[in-house]
Amino acid sequence: DHFKPINDDGGHGLGDAMLIKVSQAMAEVFRRGDHLARPGGDEFAVILDNCSLENGRKLAERLRAAIAQRRVVANDRAYAVTISLGMTEIRPGDHDRAEVIRRADDASYRAKREGRNRLEFFSESMSSEVTRQLDLENQLRRALKENQFRLFYQPLVNAERDIVGAETLIRWEHPEQGMVPPADFLDVLESSGQIVEVGNWVIETAFKQLLQWIEQGLWDSNFKLCINISPRQFHDRQFAEKINTQLQRIKVPHESIIMEVTEHNIIHNIDDAILRMRELIRYGISFSLDDFGTGYSSLSHLKNLPVSHIKIDRSFVKDICDDPGDQAMIASILALSRHLGLEVVAEGVEGVEQFEMLKRYDCQYYQGYYFSKPLSDRDMTCYLRAADPAA
Ligand code: C2E
Ligand code: CA
Ligand code: CA
């Protein structure tokens, strides 16, 4: 449970110690003749031969309890280790190994969702959840082919409320359900890997739109277009190459492009991420660290990352007027950013009070419903036209 953040925060020494503890406990609980494996970084698999479901449950519970009692000591701290277990029965006629592993996997996934440090059995109703996911995957595949995705644009403004750019946000115009927000389908795109193709569509569409605004005289050369890049997309081996191909085909000024990545996106392999970013920075593209302040120990990474912007997560902006903690947080993010030469965007600005407060702390850029909701391409064109004093 929570292995990745522990591994990242505590260093690989701590991660290794935890993995060793878990495997030692497994060796104690299971018998000769059982098959133990570690198919992934933080995943273990066991096949219990000739074992009833009830006995399997007892063994799994014993393992869970044994591990939960242990502490791993590292960096002068004792860390608790817990595991989430999923179990399925191998039945006569189960010839598809991948299918058996999938059932166990689905069950362990549910154990995590139900609060971790527990055991779950695979059940057929879970399999209907899996069917639903597969169904969604198929629908999304069709959505791409039938051109049902839309890009919306949310303006970015400065302290004078002048437009300085926009962020692109994907929507799915479902034939029956209408406009579906990304929260309802991004996870499936990501886990199925379809995000690589859809992300490429986003980039191509955004570049074409940008070019059109430039040709219409609506896009100032200083404006930035910010494009969200998902983890899977960013770590795709051909990512830089794909961007380069698009840049060759669609002649947008490279300096207008900012790619938004989250810390979560890069934290697991920071050196690789930095190399990737540098590759694109060489073309003139810049990076923004999205959802800043959520989840990880952000500040320590910041000075090593070749980002030029950070976006303060809207959870801090939300309560900035009432919560002194959030105020202090924003004040120190802004002070530190100034020190490091980074520009800051505050997202989720919904009211004038938040805007005034952020201005007092010298935030450079703002985004939120207070200025504008995300707009369709046509509405954004109108917005740009209205904002252009020459038009
Ligand atoms: P995000 O990058 O943090 O984007 C900002 C989200 O906040 C957007 O939600 C936007 O509509 C919403 N928002 C903007 N101003 C306000 C405000 O004042 N108040 C509140 N409550 N919300 C505001 P949206 O469009 O639903 O997108 C959700 C997330 O989906 C995005 O979060 C981003 O992580 C992801 N996403 C969107 N488009 C893409 C895409 O093309 N590719 C990838 N990989 N991810 C995307
Ligand atoms: Ca974003
Ligand atoms: Ca964000």
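Because the structure is predicted, anything quoted here is derived from the model rather than measured.

Enquirer: How would you explain the overall build of the chain if you had to name every residue and give the values?
Expert: Summing up its helical and strand segments, the chain has 16 helices and 15 strands in all. Its C-alpha atoms put the chain at 80 × 50 × 40 Å along the principal axes. Relative to its 391 residues, the chain shows a buried fraction of 45%. Total accessible area on the chain stands at roughly 20800 Å², and carbon and sulfur atoms take up 48% of it. For the chain, the separation between the mean place of its 48 positive charges and that of its 61 negative charges on side chains is 4 Å.

Enquirer: Requested: an account of the coordination of the calcium ion (ligand 2), with residues and values cited.
Expert: The calcium ion (ligand 2) binds to the protein through Glu167 (OE), Asn228 (OD1), Glu260 (OE) and Asp290 (OD); the donor distances cover 2.1 to 2.3 Å. When the donors of the calcium ion (ligand 2) are listed by position in the chain, the intervening gaps give E-x60-N-x31-E-x29-D. Taken as a pair, the calcium ion (ligand 2) and the calcium ion (ligand 3) show a spacing of 3.9 Å, with aspartate 290 coordinating each metal. With a gap of 123 residues between them, glutamate 167 in strand 8 (residues 163-174) and aspartate 290 in strand 12 (residues 286-292) connect regions that are remote in the sequence.

Enquirer: Report on the packing of aromatic side chains, specifying residues and quantitative values.
Expert: All told, the structure shown has 14 aromatic pairs when counted by the stated rule. Between phenylalanine 149 and tryptophan 172 the ring centres are 6.4 Å apart and the planes differ by 45°, which places this aromatic pair in the tilted class. You can see phenylalanine 149 sitting in strand 7 (residues 149-158) and its partner tryptophan 172 sitting in strand 8, a full 23 residues away along the chain. Here the two residues phenylalanine 149 and tryptophan 172 agree in accessibility, since each one is buried. Through successive ring pairs, a cluster of aromatic residues spans Phe149, Trp172, Phe185 and Trp201. Looking at arginine 103, its charged tip hangs above the ring of phenylalanine 122, at a distance of 5.9 Å from the centre. The residue whose ring lies beneath lysine 373 is tyrosine 369, and the NZ or CZ to ring-centre distance is 4.6 Å.

Enquirer: Give me the lowdown on the layout of surface pockets, citing residues and values where you can.
Expert: Of the volumes computed, that of the second largest pocket is approximately 290 Å³. Lys4, Asn7, Asp8, His12 and His268 are, among the 14 residues lining the second largest pocket, the residues nearest its centre. In terms of residue count, helix 1 (residues 3-10) provides more of the lining of the second largest pocket than any other element does, five residues in total. For the lining of the second largest pocket, a count of residues per class yields three nonpolar, seven polar and four charged.

Enquirer: How would you summarise the coordination of the calcium ion (ligand 3) if you had to cite specific residues and measurements?
Expert: Summarising the metal site, the calcium ion (ligand 3) is bound by the protein donors Asp290 (OD), Asp291 (OD), Glu347 (OE) and Glu347 (OE), whose distances to it range over 2.2 to 2.6 Å. Mapped onto the sequence, the residues coordinating the calcium ion (ligand 3) show the spacing D-D-x55-E. Accessibility expressed as a relative area gives 26% for aspartate 291, which makes it partly exposed.

Enquirer: Can you tell me about the nonpolar core, naming the residues and giving the values?
Expert: The tendency in soluble globular proteins is for nonpolar side chains to be buried side by side. Core analysis: the biggest nonpolar cluster contains 73 residues, and Phe149, Phe234, Met259, Leu289, Leu358 and Tyr366 have the highest contact counts within it. If one sorts the elements of this core by residue count, helix 7 (residues 195-215) sits on top with nine residues. Among all residues touching leucine 358, those that are not within four sequence positions of it are Val317, Ile320, Ile330, Ala346, Val349, Cys363 and Tyr366. Counting residues in each nonpolar core, the second largest holds 22 residues, with Leu14, Ile67, Met87 and Leu119 among its members.

Enquirer: Pulling in residues and values, what's your account of empty space enclosed by the protein?
Expert: For the structure shown, the criterion picks out one cavity of 30 Å³ or more. Counted as a void, the largest cavity has a volume near 40 Å³. What lines the largest cavity is Val196, Gly199, Asn200, Ile203, Gln233, Asp236, Phe239, Lys242 and Ile243. Elements with a minimum of two residues in the lining of the largest cavity: helix 7 and helix 9 (239-249). It is helix 7 that provides the largest number of residues to the lining of the largest cavity, a total of four residues.

Analysis parameters
Residues numbered from 1 in each chain as written. Chains lettered and ligands numbered in written order. Predicted model: local features only at pLDDT ≥ 70, side-chain atom pairs only at ≥ 80, totals over all residues. Heavy atoms only, no water. Helix = DSSP H or I, 4+ residues; strand = E, 2+ residues; numbered from the N terminus. Buried < 20%, exposed > 50% of the residue type's maximum accessible area, 1.4 Å probe, protein only. Areas by Shrake-Rupley, 256 points an atom, 1.4 Å probe, with all protein chains shown as cover. Lys, Arg positive; Asp, Glu negative; His and termini not counted. Charge placed at Lys NZ, Arg CZ, Asp CG, Glu CD. Donors = N, O, S within 2.8 Å, 3.2 Å for Na, K, Ca; no water. Phe/Tyr/Trp six-rings, centres within 6.5 Å; stacked < 30°, edge-to-face > 60°. Lys NZ or Arg CZ within 6 Å of the ring centre and 35° of its normal. 1 Å grid on protein atoms, 1.4 Å probe; cavity = no way out; pocket = protein on both sides within 12 Å on 5 of 7 lines; lining within 4 Å. Points joined across faces, edges and corners; volume = space filled by probe spheres on them. Nonpolar A, V, L, I, M, F, W, Y, C, P; charged D, E, K, R; others polar. Core = buried A, V, L, I, M, F, W, Y, C linked by side-chain atoms within 4.5 Å. Contact = heavy atoms within 4.5 Å.

Just geometry here; none of it tells us what the structure is for.
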